[in-house]
Amino acid sequence: MDEPLIARMREFGTTVFAEMTALAVRTGAINLGQGFPDTDGPPAMLEAAVRAIHGGLNQYPPGPGVPELRQAVSAHRKEHYGLDYDPDGEILVTVGATEAVAATVLALCEAGDEVVVFEPYYDSYAAAVALSGAVRKPVTLRPVAGRFTFDPDELRAAIGPRTRAILVNSPHNPTGTVFTRDELAAIAEVCLERDLIAITDEVYEHLTFDGVEHVPLATFPGMRERTVMISSAGKTFSATGWKTGWVCAPRPLTTAVQAVKQFLTFTASAPWQVAVAHALRHELGWVAALRDDLQTKRDRLMDGLAAAGFEVLRPAGTYFVQTDIRPLGFTDGLALTRELPGLAGVVAIPTQVFYDRPEYGRHFVRFAFCKRDEVIDEAAARLAALAGAAARGSAG
């Protein structure tokens, strides 16, 4: 039989996360690759899910999501960002942000349309664009003064007559950048001038550090009307396995996304939806403590990585630290991460796999710090072997 997979999906095989997690299991290495915490979310939220299960909330919830969660999301958007979304028609609950992004791209982009993405990008973006038959147009984020940013002229140059949408992720995975007001204003200006839809992935909205502010693109003048705002409970409440996300958008856009979403999963996770509604209303104090704890963990891992010889870029948000591997004498992140369990007993993610043009990211490797302190400390101690190996190599 010929290759059964359709041509536009053949570049997407096993994800790098699956490969590296399997490598960690096989070798017994510490997994600082995939971004999931190793502790649970707020106990009251977990208990709310248990009560919902025992209370019989185990059948299909409504297609748009349970009313309690849609109302809680609406109240959260208004309280934190001054954005007013009608819970009955402008909010759609999804199976995590990944489904939200895929359903949005499938709903709003035709074959041959172009979607601008900032590279490096979360890997599902490329797959969603490919599934729709649209074309990716990358704009590269590069380190400037210790943080990743983009050139507004490069953004403008990426826009063409077939451009339909810009996919914006801030706080940004995998770089840890949080776009500034000036950067967001440049994106908004292009969207307004060229009549583009903005699809914003804001799953790390509450996990920013050093007092850095997360500003939704939809808050800029003229942008609410053309923005599909996506977030989820997974990162905010340390419940990545619950896969409970949401879309907030003007009614015509939400209706379009739901038209696709209903044939992907229809609906899911009724007990988790009720529990997340509770968390959005009552557990943001817990989230603030989580953010402070993650900032400490970030600094802890950064110190260990620097001691091991990496050049470390300081993230303003998310779970991740980017490192430049060249000071250690390595130039290929994919090759290094495949060898790293043997060299140091640690698994990380090669950033180059998140680029259309991997040469721009070949020398970067991503480490996750959303782990217990003792795990971070043990990983740092193991990575110190790299510095010793580099020193021996230079002496030889």
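Cut-off values and rules
- Residues numbered from 1 in each chain as written.
- Predicted model: local features only at pLDDT ≥ 70, side-chain atom pairs only at ≥ 80, totals over all residues.
- Heavy atoms only, no water.
- UniProt positions renumbered as here; feature names shortened; annotations may be inferred.
- Pairing = 2+ DSSP bridges.
- Helix = DSSP H or I, 4+ residues; strand = E, 2+ residues; numbered from the N terminus.
- Axes fitted to C-alpha atoms, helices over the stretch in contact; angles between N-to-C directions.
- Contact = heavy atoms within 4.5 Å.
- Parallel < 35°, antiparallel > 145°, perpendicular 65-115°, else oblique.
- Nonpolar A, V, L, I, M, F, W, Y, C, P; charged D, E, K, R; others polar.
- Buried < 20%, exposed > 50% of the residue type's maximum accessible area, 1.4 Å probe, protein only.
- Core = buried A, V, L, I, M, F, W, Y, C linked by side-chain atoms within 4.5 Å.
- Domains from an automatic or database assignment.

With an unreviewed UniProt entry as reference, the protein chain is termed Putative succinyldiaminopimelate transaminase DapC, source organism Spongiactinospora rosea. Per UniProt, the comment on the protein chain under Sequence similarities (unreviewed entry) is "Belongs to the class-I pyridoxal-phosphate-dependent aminotransferase family." In UniProt, the protein chain has this text filed under Cofactor (unreviewed entry): "pyridoxal 5'-phosphate".

## Here we look at the sheet that holds strand 3 (residues 114–119)
Spatial strand order, 2-10-9-8-7-3-4: 7 strands in an open sheet with mixed pairing. If you trace the sheet from one side to the other, it starts and ends with strand 2 (91–94) and strand 4 (135–140), each paired once. Each neighbouring strand pair of the sheet contributes to a mean axis angle of 20°, computed without reference to strand direction. Sitting on the sheet, helix 7 (residues 181–194) is in contact with strand 3, strand 7 (163–169) and strand 8 (197–201), with an inclination near 165° to strand 7.

## Description of the packing of helix 4 (residues 96–108) against helix 9 (residues 251–261)
At a minimum axis separation of 8 Å, helix 4 and helix 9 run at an interaxial angle of 105°. By the criterion of interaxial angle, the relationship of helix 4 to helix 9 is roughly perpendicular. Note on element contacts: helix 9 touches helix 4 through Leu253, Ala256, Val257, Val260 and Lys261, opposite Glu99, Ala103, Thr104, Leu106, Ala107 and Leu108. Looking at the contact of helix 4 with helix 9 residue by residue, the class counts come to 8 nonpolar, 1 polar and 2 charged.

## A short note on the environment of alanine 380
Following the sequence through the fold, alanine 380 ends up in helix 13 (residues 373–395). Given the relative accessible area of 18%, alanine 380 is considered buried. Between the C-alpha atoms of alanine 380 and methionine 223, which are 157 residues apart in sequence, the distance is 43 Å.

## Notes on the nonpolar core
Formed by 61 residues in total, the largest nonpolar core has its most connected members in Phe310, Phe367 and Leu383. Tallying contributions element by element places helix 4 first for this core, with 7 residues. Split by domain, this core shows at least three residues from each of two domains, domain 1 (7–41 + 284–391) and domain 2 (59–282). The contacts of phenylalanine 310, once residues within four sequence positions are left out, are Leu305, Thr323, Asp324, Ile325, Leu328, Phe367, Leu383 and Leu386.

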